[in-house]
Each structure stands twice: as C-alpha cells, then as structure tokens.
Amino acid sequence: MRKLPLFCLFWLMSLNVIANPQPIFLGEDMLGQICQLQEHEDRKAIPGIPIDLKLYCNQHFVSNGISYFKVQPLNKTDKSENQQQLLFALFKNTPLFNTLNTRAICNTAHWLSTDDQNPVAILPCQLKNAGWQQVIMITIKNDILSLAEAPPSTAGLLLKFFGVSASVAEKFTFKEQLNQLWNGPVVLVSASDLEEFRLLLRDGRSANNNFNFAIAETLFRRALGLQTKFLPAEDLAIAHTLLDLALNASNQDKTNEAQALLRRAENILQKSPFEADRARLAYYQGIEAANRGDMENALQFAKQATATWRKISNSAINLNGLNQTNSTTNLAEKGELILSLNFEAIMSLRNDSITAASAAASEALLLLTQSEGLPNWWRADIMQTLGEISIAQGRLSAAETYFNSALTLRRQSFGDGVGSVLLLTALGRAYQSEGLNSAAILAYREAFELANGLNLGADTFTPDQLIPFAQAIVEYIATITDKITEQALYDEAFEAFQNIRSPIVDKTIAKAQARLVNQDPTIATLIEKTQTTQRNYDSAKAELAIEQALPDDERSSTVETRLQANILRLEQENNSLQTEINQKFPTYTQLSNPKPIALEQVRNSLSEKEAIVSFLVGRKQSFIQVTRKQGNFIAKINEGMADIEDNVKALRRGLEIQNGGLNEFDLNGAHALYKTLFLNVQSYLNDVDHLIVAAQGPLANLPFGLLITEPNKSFEKSTEYTQAAWLSKRMAISYVPSVQAFYKLRNTSSKNKPSEFLLAFGDPVLNGQNFKNNQNNTLDVVAKMCNTDGPIHPHTLRSMAALPETTREIKTIANVLGSKKTTLFLREQASENILRSQRLENYRILYFATHGLLPGELKCQTEPGLVLTPPKQTNSKNNDGLLEASEIATFKLNADLVVLSACNTASGGGKFGGEALSGLAESFFFAGARNLVVSHWQVPSEATANLLSNMFITLGPELQGGASAALRKAQLTLIEQKKTAHPFFWAAFVVVGDGLVIENPPSEHVQQTNAKLVFQVPIK
C-alpha cells in the first residue's frame, strides 16, 4: 500500500519572525530572560482594537502572546461570579476558544482583578502536542477582551501588563505560587528550547506530509529528546511524539522499531483519562499494521479509531466547566474523525469491502465540506481514496474526476511533489484498469518526468504502483506492428523498472552519505543549509495551505502575501544551494540521487550472449524484464509477492540441516518456480551463456542457479542431483543490486592496475561456540545487545562463534593463487584497525573469511556488516570490529574481486543473502570494487575451499574470463560428484557484479591441483 503520512493532527502551527523594531519591554522573567511584546506583523490595524502582540524572550519566539477582541462590555453592577461567567461566555465566542481546546488541557481558573477591578482569569494549562505547561489569561477592559498565552516563567510579567497590582503579580514570580496553581511541580523551559521544539515538530510534520519519512524521523527523535529532558517519562505528550516517531519508522519499513515505539506509547496512553488518546493510538496501530501487510487487523484498528472519534465528536466539549453544544463541535476532533474515516475507507478497500470503503470515504468528504478551517490538502487525500474506490467499482469516469481534482488541490497546496507524482500514477492505474493503455502510459510518463525533475529517490514508487504501467506497455504493444514504436515503449519500461530499489540499499546509501558529510565540513555546511531551506519551504507551503483553508472572514491577505514571497525566496535559495553541491561535490550527488541509465547504454554494455533480467514483484501479479543487446522485452508473471515468497521459502527449506543431515531438495518445486518466472521469456534466453539477475524482495533470497529448467526425470535418488537440469548447467549467472550498478561496473575501468594481488582477513578472535559443533547457534547474547550510532561493545562481537577452519581456507586459496604479492591477516591481526591501515586500493583481490551480519541481527542494527577481531575496548566506530556497509562505502578500493566466504552463521542453513547482500554489495561497488563472491548460507569449510580453489584455478592470476563463468565451472565440478551434488554444497556462492569479464590473457600458467576433501554432512 502507499505509505500514509501524518496529515498533521496538530496542524495549527505557524512560523514567526520578529519584524517590528519597537517592542514593549516587560522585563526579566523567572529564568532571567529579557521578555518583550512585539506587534504581530500579519495583523492589520482595526479602528478601536489594539494590534495583537507576540511574546519573545531573549529574542526567541515564545507564544502568540496577547490577542484582542471587540466584545460587549461587562455590567459593572453585576456580582463578580456573574462577571466571571460572562467573561467566559465572551471568550467562548472568540476563534481562539476552539484553538485553545485543541491545543491544551486546562484546569480550573484562578481569579484575580486589575487595579480598576476588571476580572482576570488565570488558567493553568498543558499543551497537548508538546507537554509544556502554559498559562492562559483572560481579562476585559471596557469593550476589549484580552487573551494572553505564555509559559509559566512569564506569568508575573503579563499580570503586571494586564494591570494586576504589583504585589499580587509578584507572587506569580515564585515557583511555590505556580505549583499551587497547577497542583503540582511547574517545569520552567527556556525560550530557546521552546522555539527549538516548536520548529522540530513543525518541520517533522511537514517532512512527513511531503513523504520525507527519514527526515521526519530524525526531527521527531530530537523533539523527543527535548521532551524527555524536561517531562516525566509517562507524560502523555511524550506518548504523542512516540506515535509520530513510530509512524515514520513504519513508513520506512522499520517494523520492529515501529512496534517497539508503539508499545512504549501504548503503555502511557492506556492510562490516559482521555478517550481521544486511545483513538489516536488505534489509528497509528492501524497504519503500522497496514504497512507490514496485515490489512485485516489494520481495518479493525481503523474501525476502532473511527468509533471512538465519532463518540467524542458527538459529545459535549467542556472547558473549565463550560459546555460547548454539539452544533459547534471542536474542529480538531472533527478533523480527527475525518482522517480516521478516510483511513478506514482505504483499509476497507484493501480488504475488498468496496461498499464500506465508499461509505466511509463519502462521509469523510461530507464532514470536511461542512467544516471550514481544516487543511485543504485533506480533501485531496479523500478524493484520492474515492478515486481508488471508483477503480474497484469499475467507474473510470468518476476515478478520473477524483484523481484530477485531487491533483489540482495538492498542487494548489504544495506545488508539485511526491503527492503529485503518486496521484499521477493512481490516474494511470485507473486508465489501465479500463483498458485505456495509451492514456495510462501518458499519465505514467508525466509521473516519471515529474519525479526525475524533482530529484525524487527510487523509493518514491512501489512495485504495485508500477505494475499497471508494465501491463499497459505489454497490452499496447500487442496491438501494434511498428517495431520502432514497440522498442521505444520498452525503453520507457526499462527506465520505470529502475525506480524500484531495495530499502536496505537505500538505508545503506543514506548512511554512506552521512559519513561523507561528516568527513568534510564544507559539504556538511552546505547540506545543513539545504535541509534547513527545504524544511522552511515545505513549512511555508503548509502554512499557506492552512491560511487559504480558513473562512473568508478569517483569512489574511497580508499573511498570504508574506508567505508567497517567502516561498519564492526559499525556492530560489534551495535551487542555488543544490547547484553548488552538484558542482563541488559530485560524489555526494551520485550517492543521493543516482540517475536512471538509458536502455541503449546498457544494451551497448552487453555481449551478444548476455542478458539482464529484472523484476517487478507486486501483491497479486509480477513482471519480468529481459534486456539483451538485441533489445528489451517484458512479460507477465502470474504470481504475486506472497506466492513467490512461499515458493522461495519452500526451496530454501531443502537447503537446511536438520538432525545432522540435509533435507531433500525439491527438484519439482525448483522446476515449477523456473516456469513461473521464465515461461514467457524463454525464447529470449535460449542462446544466453551469461545471465545477470537484478532481483528485489523474495527473489533476492534465491540463487537462481538451483532452478531446474526441465522436468524431473525421476532418476535414482543417488544420481538425481547430478543429472538434474540445473540452470547453472546452461549458463553462468551473476547478480547486481540494480541495472545502474551493472552499467557503472561494466563501464568503469581502473586507471592503474593494483600493484599487489591478494589481501585476506580471516578467523577473527571470537569466543562463542564453534559453528561446526552447533548448527543452530542463534547468537542469543548478540541479539539482545543494541548497536546504536556509537561503536558496538566488543563483548557483543566476541560472543559470536569462532571460525577456526577459515585459517586453512585462506591459506589454501593463497596457495592456489601462488602469488608472492599476497598478504594474510589472521586471528588477532584480522582487526578493523589493521584493515584501515592498509592501502586497500593496491590489491586486486580482497578476501574476508568471517561472519556477515544481517540488518536487525544486532538489536537496532539497520545495515549489513562484517565481523573482525574486536578490540579490548573502543570509543570509535572506526575500530569497534564491526565493519558496516556504510563504512565500506567510504573506502578507496581498486579490487577486481572481493570474496566474503564465511558469511552468516545465525541459523542452520543461514540467511545472509537477499536484499542485505545487495546493500553490502552496493557499498563495495561504490568504494571501487567490481565484483563480489558471497554465500547465501554457511557451507562446510572443506566444500568452500574446494569450490573457491577451483574458481581461482580457472581465473588464474590475471583473473581471465570472468568470475561468474569460473564459479559456474567450479560448481559443475561439485555437481558431478554424488556427495556434493546437493545444491547445499555448490549453490550458496554467487557472483555479485558485472561478471568480471577481463580480456587480458594470462601471463603465466597455473598448475591445477584438486585437494581431496571429506564431507561429513549426510543427505537424508
């Protein structure tokens, strides 16, 4: 499903700057800050009413200060109780009443009077979205109602300004008096902290609404840090920030982290006296469930949230004992109901309850139409939902109207951005669902052009958003005979396939970017300026959208003019900064925004008998793309994500060790999956001798060489593995994280040939149980520890299983290569410190015989990495023994080949492959390596040494011919032997890269020797 942004549940926020040079000085507050009131630059002077005043302390914006309203004067002859009631009645009729009830929880008012006996109400409040305490003051003089809001530290200053006697006002400059007012301890927060938190929250929600979830997560973490510095751990406001943080983690597929954050929030919110808190919790729990594909539970959470918000909206609102009638229900709570209804509609649609979806979305739109003052872009999102429902109903005309209206509204609110791109893809899906393939292609074409122009990342699109485009291409091509047009359409599809990239690769690249920034203060300053400018731009757009959504009598042309000028200035500033970064730091630009590769470029990089296959794997169906030198071709795969994942898992079970023996491998299942994937493109692969696979999702966990190309002929069990029609028998196979990576690898040659040959690291000093003696070692100690942004604790790595066999393995490989220019670091010397001290660019081959760690295997770990000998103690990630992918990306390499041989030993059979492998490979490629040889699971040391020895014998010291071809030849040698024909022994290792096609002839003859190896793992 499309990721759901926050939509600013607390959206009444604005950017404030000091403009008026003539402030009203109030004096020094309880924190020693110099405070002043400043005329509101966005308010026009109205005869008979003072201009509203903002409050600043130490030049930091604190609050909207004092607002003035024209009202009926109080009757001075009334009793004070009657005057107090009338004062509150007048306050209820101001626009700020609902705003205050939205933003704050207030206790019973404390009453004072001014020197001329005008009543003053002091309300001790707490802001909902921040948790900060806030004092609200209301008074009236003649026919002017004054409303002040400020932090407790300024209470005495504002009372003096309102005319309360100095002696009374002075009491409110002491904590004891304020503690009595709040019936508990008062926390005084500085103006700078208040302003920082406000901007963090504003920018975090703005980033979220613009689908910049990683940036939003960072900002919310900083906001949470400020709250926990001042507030109790169980404060409701902390729970609200945890919800925001959980949402953005979930939208980045950080499922475990999101669920942990939701649990923390739930522990607080379940004790809340307010039903609204539990309604909001259910809403967020529903989004998290939807993001991980649990649509059934997501719908239940959505219904729960809607029911609670409906109950709240239909009940009377009470502020300090004064009831508000149902006809003027709190705007924000009605807004929450609208958001919940829209989410319920989306989830109903995902559960194929089309009628229920239509009812919920229609009610949401009706409520929004009846409610002035809510953000205009909400209408766009509801219309998008109605458009999706119309597609399911087969109502193309309605879907087209809804999507176009939503697109117009979103552009009015934010201009072109991710939201516009996604709406265009939705429109394309609508056209394609009705067979209007040419219209669908045009809509998608506009979406791709817009995404490229906005420099959006590859994670903008999901496979399900692009599958209708592939379907439109295939169906449209079937109706034409013009081969030029046909190939032009395939060209467009080729670029579209590049818009899908592994989330692990994205995370690794993001961390590598951060490391580059940290290493260079110049680019760090530029990036910080760019991010700040972009956040201010997004926030200004959101503010303008909110202002334009207000009723006509509340809109301010002054505010709109200021915001529009600010938006134009920020846009120009951002463009200038981006140009400077692109010119001065092209490496950073290459990481942050890799451009799609043209089909012609890739075709020219392939030989006549090579092919690249890439995939779009959707929920219900998928597509395969075959790229040859002769052209590009696309075909449909009739299975979706769940079925393909089940098939891959079933095959992987045949590669596991149980009860001391190997499971039987399902040859028929391997053939069935081959047909599922390749049936419609077999004719394009008949003469291929080198297949390059770019796979994401479940297919990234599959070594394609173990697929069976022909039906099983029921050989005797002792020979069926040797006689099976493995795909590896037909062709060499290599893998790439993306077609962009392949093109770069194939077309980037080293300027200088490395002077050294082999640099190897292996058998790190670890104290855990030997893998050979415990196939089910789960790294229990390791899994409980947390690898944060700081260095990992050495004990964490030392708890892992030792790998003593890797010493022999490395020495065997070094002997086979027979080069004098070989450097081996084993045991204590296999450390990160020694690795970093080497001139890595001087070696043609890097060899690591050690553990590979998956994202999440260490608690909080988000990227793959390699384990080296941990130091006794460390305070730096550069020498903690865990070489993470983002660290590798910053190295300077010149290696034709990198070998990672031991890999993951976390479970019998292992699980190191897949998208984690893509993230690690991308890092090595960016550092300068051309190819990796890696394993998807742990293979016994003797088999590993035999396989890799034979591979290097074929390659020779000049690495001639190609790594994928050499590995295939070594695999065939094992397949020919009954004891090693089971794919457990030969299929684990794969080549990731361009295949290492080097034309240089060998400079010397390498003697081929085969060591006799004994395998102790019997086949069941």
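Residues numbered from 1 in each chain as written. Predicted model: local features only at pLDDT ≥ 70, side-chain atom pairs only at ≥ 80, totals over all residues. Heavy atoms only, no water.

A. Here's a closer look at the overall build of the chain. Broken down by element type, the chain carries 38 helices and 27 strands. Sequence separation of 24 or more characterises 71% of the internal contacts of the chain that already satisfy a separation of 6 or more. If you sum the accessible surface of the chain, you get close to 40800 Å²; carbon and sulfur atoms cover 48% of it. (Helix = DSSP H or I, 4+ residues; strand = E, 2+ residues; numbered from the N terminus. Contact = heavy atoms within 4.5 Å. Areas by Shrake-Rupley, 256 points an atom, 1.4 Å probe, with all protein chains shown as cover.)

B. Region of the structure containing the environment of Met-295. Following the sequence through the fold, Met-295 ends up in helix 11 (residues 295-314). Among the residues examined, Met-295 registers a relative accessible area of 11% and is labelled buried. In the structure, Met-295 is positioned 51 residues away from Ile-346 in sequence and 9.7 Å away in space, judged by C-alpha atoms. (Buried < 20%, exposed > 50% of the residue type's maximum accessible area, 1.4 Å probe, protein only.)

C. Local environment of the pairing of strand 18 (residues 732-735). By the alternation rule, side chains of strand 18 split into Ala-732 and Ser-734 and Ile-733 and Tyr-735, which are all buried. As judged from the 4 bridges shared by strand 17 (residues 690-694) and strand 18, these two strands associate in the parallel manner. Following the sheet pairing, Val-693 is matched in strand 18 by Tyr-735. Across 2 bridges, the pairing between strand 18 and strand 27 (residues 989-993) is parallel. Residue pairing for strand 27: Tyr-735 is matched across the bridge by Val-992. (Pairing = 2+ DSSP bridges.)

D. Here's a closer look at the state of the cysteines. Within the structure shown, the criterion is met by 2 disulfides. Across the disulfide from Cys-35 sits Cys-57; the S-S distance is 2.1 Å. On the sign convention where negative is left-handed, the bridge of Cys-35 and Cys-57, at about 105° about the S-S bond, is right-handed. With Cys-35 in strand 2 (residues 34-39) and Cys-57 in strand 3 (residues 53-57), this residue pair connects regions lying 22 residues apart in the sequence. With respect to class, Cys-35 is no different from Cys-57; both count as buried. Paired by a disulfide, Cys-106 and Cys-125 hold their sulfur atoms 1.9 Å apart. Between Cys-106 and Cys-125 the sulfur-sulfur dihedral comes to about 105°; the bridge is accordingly right-handed. (Disulfide = S-S within 2.5 Å.)

E. Up close: the sheet that holds strand 13 (residues 622-628). With mixed pairing, 11 strands are arranged side by side in an open sheet as 14-13-12-17-18-27-26-25-21-19-20. Looking along the sheet, the strands with just one partner apiece sit at the ends: strand 14 (631-637) and strand 20 (822-827). Recorded for the sheet is a direction-independent mean angle of 20° between the axes of neighbouring strands. Sheet topology places strand 21 (residues 843-849) next to strand 25 (residues 897-900); 4 bridges connect them, and they run parallel. Paired with Tyr-847 across the strands is Val-899, a residue of strand 25. Across the face of the sheet, helix 36 (residues 941-955) comes into contact with strand 21, strand 25, strand 26 (931-935) and strand 27 while running at roughly 170° to strand 25. (Axes fitted to C-alpha atoms, helices over the stretch in contact; angles between N-to-C directions.)

F. Representation of the packing of aromatic side chains in the model. Taken as a whole, this structure holds 24 aromatic pairs when the rule is applied. Seen in terms of ring centroids, Tyr-444 and Phe-469 are 5.2 Å apart; in terms of plane orientation they differ by 45°. Their pairing is tilted. Placement of Tyr-444 in helix 17 (residues 437-453) and of Phe-469 in helix 18 (residues 463-477) is noted, with a sequence separation of 25 residues between them. Residue classification places Tyr-444 among the buried residues on the basis of a relative accessible area of 0%. Here the aromatic residues Phe-615, Tyr-674, Phe-678, Phe-704 and Tyr-735 are joined through ring pairs into a cluster of three or more. (Phe/Tyr/Trp six-rings, centres within 6.5 Å; stacked < 30°, edge-to-face > 60°.)

G. How the structure looks around the pattern of salt bridges. Scanning the model with the defined rule gives 29 salt bridges in all. A salt bridge links Glu-288 to Arg-292, with the nearest nitrogen and oxygen atoms 2.8 Å apart. Classification of Glu-288 as buried rests on a relative accessible area of 5%. Residue Arg-292 is classed as partly exposed on the basis of its relative accessible area of 39%. (Salt bridge = Lys/Arg side-chain N within 4 Å of Asp/Glu carboxyl O.)

H. Up close: the pairing of strand 4 (residues 60-70). The element strand 4 is extensively covered by neighbouring structure, given that 8 of its 11 residues are classed as buried. Pairing of strand 3 with strand 4, which is carried by 4 bridges, proceeds in the antiparallel orientation. By the bridge assignment for strand 4, Leu-55 is matched with Ser-63. In this structure, the hairpin formed by strand 3 and strand 4 is closed by a connection of 2 residues, where Asn-58 is found at a positive phi of approximately 50°.

I. Looking closely at the confidence of the model for the chain. Mean pLDDT for the chain: 79, with 82% of residues reaching 70 or above. Low pLDDT, under 50, characterises residues 503-509; the stretch is placed with 25 contacts to residues that sit more than four places away or in other chains. (pLDDT = per-residue confidence, 0-100.)

J. A look at the nonpolar core. Counting residues in hydrophobic clusters, the biggest one holds 123 residues, and the most contacted among them are Ile-122, Leu-123, Trp-132, Met-137, Ile-138, Leu-159 and Met-347. Ignoring sequence-local partners within four residues, the contact set of Leu-159 consists of Leu-112, Val-120, Ile-122, Met-137, Val-164, Ala-169 and Phe-172. If you look at the next biggest cluster of nonpolar residues, it comprises 110 residues, including Ile-644, Ile-657, Leu-699 and Leu-826. (Core = buried A, V, L, I, M, F, W, Y, C linked by side-chain atoms within 4.5 Å.)

K. Seen up close, unusual backbone geometry. One non-glycine residue, Asn-58, adopts positive backbone phi at about 50°. Take Asn-58: it is sitting in the loop between strand 3 and strand 4. Given a relative accessible area of 40%, Asn-58 falls into the partly exposed group. The backbone phi angle of Asn-183 is positive, close to 55°, even though this residue is not glycine.

L. Spatial organisation of the packing of helix 8 (residues 236-250) against helix 10 (residues 275-291). Contact pair helix 8 / helix 10: the axes reach a minimum separation of 9 Å and the direction vectors enclose 15°. Taken together, the axes of helix 8 and helix 10 lie roughly parallel to each other. Crossing handedness for the pair helix 8 and helix 10: left-handed. Residues Leu-236, His-240, Leu-243, Asp-244, Leu-247 and Ser-250 of helix 8 form the contact with helix 10, whose own contacting residues are Asp-277, Arg-280, Leu-281, Tyr-284, Ile-287, Glu-288 and Asn-291. Residue composition of the contact of helix 8 with helix 10, by class: 6 nonpolar, 3 polar and 4 charged. (Parallel < 35°, antiparallel > 145°, perpendicular 65-115°, else oblique. Left-handed = near helix turned anticlockwise from the far one by under 90°. Nonpolar A, V, L, I, M, F, W, Y, C, P; charged D, E, K, R; others polar.)

M. Spotlight on the sheet that holds strand 23 (residues 865-867). The 3 strands are arranged 22-23-24 in an open sheet whose pairing can be described as antiparallel. Across the chains shown, the open sheet's two edge strands, defined by having one partner strand only, are strand 22 (852-853) and strand 24 (882-884). With 3 bridges connecting them, strand 23 and strand 24 associate as antiparallel partners. Bridge assignment links Gly-865 to a residue of strand 24, and that residue is Glu-884.

N. Inspection of the environment of Val-602 at higher detail. With respect to the secondary-structure elements, Val-602 resides in helix 24 (residues 599-605). Accessibility expressed as a relative area gives 0% for Val-602, which makes it buried. Linking Val-602 and Ile-612, residues 10 residues apart in sequence, is a C-alpha distance of 9.2 Å. Leaving out residues up to four positions away in the same chain, Val-602 has contacts with Phe-494, Ile-597, Ile-612, Thr-627, Phe-742 and Tyr-743.

O. Structural detail: helix 25 (residues 641-653). With 13 residues, helix 25 ought to run about 18 Å at 1.5 Å a step, and its terminal C-alpha atoms sit 18 Å apart, in line with that. Within the span of helix 25, buried status applies to Ile-644, Val-648, Leu-651 and Arg-652. Seen along its axis, helix 25 keeps its buried residues to an arc of 100°; they face one direction. Close packing links the buried residues of helix 25 with strand 12 (610-617), strand 13 and helix 26 (667-678). (Expected span 1.5 Å × (residues − 1). Arc of directions from axis to C-beta.)

P. Up close: the environment of Val-992. For Val-992, the location among the structural elements is in strand 27. Each C-alpha atom of the pair Val-992 and Val-933 lies 6.3 Å from the other, and the pair is 59 residues apart in sequence.

Q. Representation of the packing of helix 12 (residues 331-350) against helix 13 (residues 354-369) within the structure. One way to put it is that helix 12 packs onto helix 13 with a least axis distance of 8 Å and a crossing angle of 160°. With respect to each other, helix 12 and helix 13 are oriented roughly antiparallel. Considering the relative orientation of helix 12 and helix 13, their crossing is left-handed. For the pair helix 12 and helix 13, contact is made by Lys-334, Leu-337, Ile-338, Leu-341, Asn-342, Ala-345, Ser-348 and Leu-349 and by Ile-354, Ala-356, Ala-357, Ala-360, Ala-361, Glu-363, Ala-364, Leu-367 and Leu-368, respectively. Grouping the amino acids of the contact of helix 12 with helix 13 by side-chain chemistry returns 13 nonpolar, 2 polar and 2 charged.

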